[in-house]
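Here is how the chains run, residue by residue.
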Amino acid sequence: MIAVSASDEQMRTSELVAIQRIVHHLPIFAEYDKDRIRQIAQTVFDLFEEEDGLDALFGLIRDALPAKFYETAYALACDVAAADGKLREVELRMLEEIRDELVIDRLHAAAIEWASRARHLRF
């Protein structure tokens, strides 16, 4: 989630609020130490500064997250990207990287993306 928000080098308030809402309210984070968010964010920022940082980030994600949660991770990343009502090209590329790295089935990804879009539509 943090990587998608930081991918355009500007973490928007709506994205930060979405991350906070997700971490505080979804069952998948019930046992998560919420104080780690700053540490995780700093790790993501540091990795973005390194030449092979994105590869390292995905390695950390795969090491820490069981494969059965990859689609959930992708769905949450999509929600963060859609939180401000605009999908920027760099965010779309990051979502594509996540989709590829976590080997999300293309049909499943389309459904996840559509649902995220539907949840974040505005009048």
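The structure under discussion appears in the preceding block.
Figured I'd write up the structure that's included with this text.

Basis of the calculations
- Residues numbered from 1 in each chain as written.
- Predicted model: local features only at pLDDT ≥ 70, side-chain atom pairs only at ≥ 80, totals over all residues.
- Heavy atoms only, no water.
- Helix = DSSP H or I, 4+ residues; strand = E, 2+ residues; numbered from the N terminus.
- Rg over C-alpha atoms; globule rule 2.2 N^0.38 Å.
- Buried < 20%, exposed > 50% of the residue type's maximum accessible area, 1.4 Å probe, protein only.
- Contact = heavy atoms within 4.5 Å.
- Areas by Shrake-Rupley, 256 points an atom, 1.4 Å probe, with all protein chains shown as cover.
- Lys, Arg positive; Asp, Glu negative; His and termini not counted.
- Charge placed at Lys NZ, Arg CZ, Asp CG, Glu CD.
- Salt bridge = Lys/Arg side-chain N within 4 Å of Asp/Glu carboxyl O.
- Axes fitted to C-alpha atoms, helices over the stretch in contact; angles between N-to-C directions.
- Parallel < 35°, antiparallel > 145°, perpendicular 65-115°, else oblique.
- Left-handed = near helix turned anticlockwise from the far one by under 90°.
- Nonpolar A, V, L, I, M, F, W, Y, C, P; charged D, E, K, R; others polar.

**Details of the overall build of the protein chain**
Then comes step 1: Along the backbone of the protein chain there are seven helices and zero strands.
Then comes step 2: On C-alpha atoms alone, the protein chain measures out to a radius of gyration of 14 Å, which is about the 14 Å that the 2.2 N^0.38 rule sets for 123 residues.
Then comes step 3: Each principal axis of the C-alpha distribution contributes one length, and for the protein chain these read about 40 × 30 × 30 Å.
Then comes step 4: For the protein chain, with 123 residues in total, the buried portion stands at 36%.
Then comes step 5: In the protein chain, 69% of the contacts between residues at least 6 apart in sequence involve partners at least 24 apart.
Then comes step 6: In the form shown here, the protein chain has an accessible surface area of approximately 7,900 Å², with 54% of it arising from carbon and sulfur atoms.
Then comes step 7: Across the protein chain, the mean location of the 15 positive side-chain charges is 9 Å away from that of the 24 negative side-chain charges.

**Observations regarding the environment of T13**
Then comes step 1: If you trace the backbone, T13 turns up in helix 2 (residues 13–25).
Then comes step 2: Judged by its relative accessible area of 59%, T13 is exposed.

**Examining unusual backbone geometry**
Then comes step 1: A positive phi is found at E9, a non-glycine position, where the angle reads about 65°.
Then comes step 2: Turning to its location among the elements, E9 is positioned in the loop between helix 1 (2–6) and helix 2.
Then comes step 3: Take E9: its relative accessible area is 78%, and that puts it in the exposed class.

**Digging into the pattern of salt bridges**
Then comes step 1: Tallied over the full model, the rule gives nine salt bridges.
Then comes step 2: We note a salt bridge from E101 to R62, for which the minimum N-O separation is 2.8 Å. Pair noted here: E101 is in helix 6 (residues 89–101) and R62 is in helix 4 (residues 53–64), with a separation of 39 residues, a long-range link.
Then comes step 3: A residue is classified by how much of its surface remains accessible, and E101, at 25% relative accessible area, is partly exposed.
Then comes step 4: Residues R88 and D84 are paired through a salt bridge, measuring 2.8 Å at the closest nitrogen-oxygen approach.
Then comes step 5: Under the relative-accessibility criterion, R88 is labelled partly exposed at 23%.
Then comes step 6: Because the salt bridges share partners, they merge into one network encompassing D8, R12, D84, R88 and E91.

**A few points about the packing of helix 4 against helix 6**
In a pair of packed helices, the angle between the axes and the distance between the axes together describe the arrangement.
Then comes step 1: Interaxial distance between helix 4 and helix 6 falls to 11 Å at its minimum, and their mutual angle equals 50°. Taken together, the axes of helix 4 and helix 6 lie oblique to each other. Here the hand of the crossing between helix 4 and helix 6 comes out right-handed. Across from L54, F58 and R62 in helix 4, the residues of helix 6 making contact are M94, E97, I98 and E101.
Then comes step 2: In the contact of helix 4 with helix 6, the residues fall into four nonpolar, no polar and three charged.

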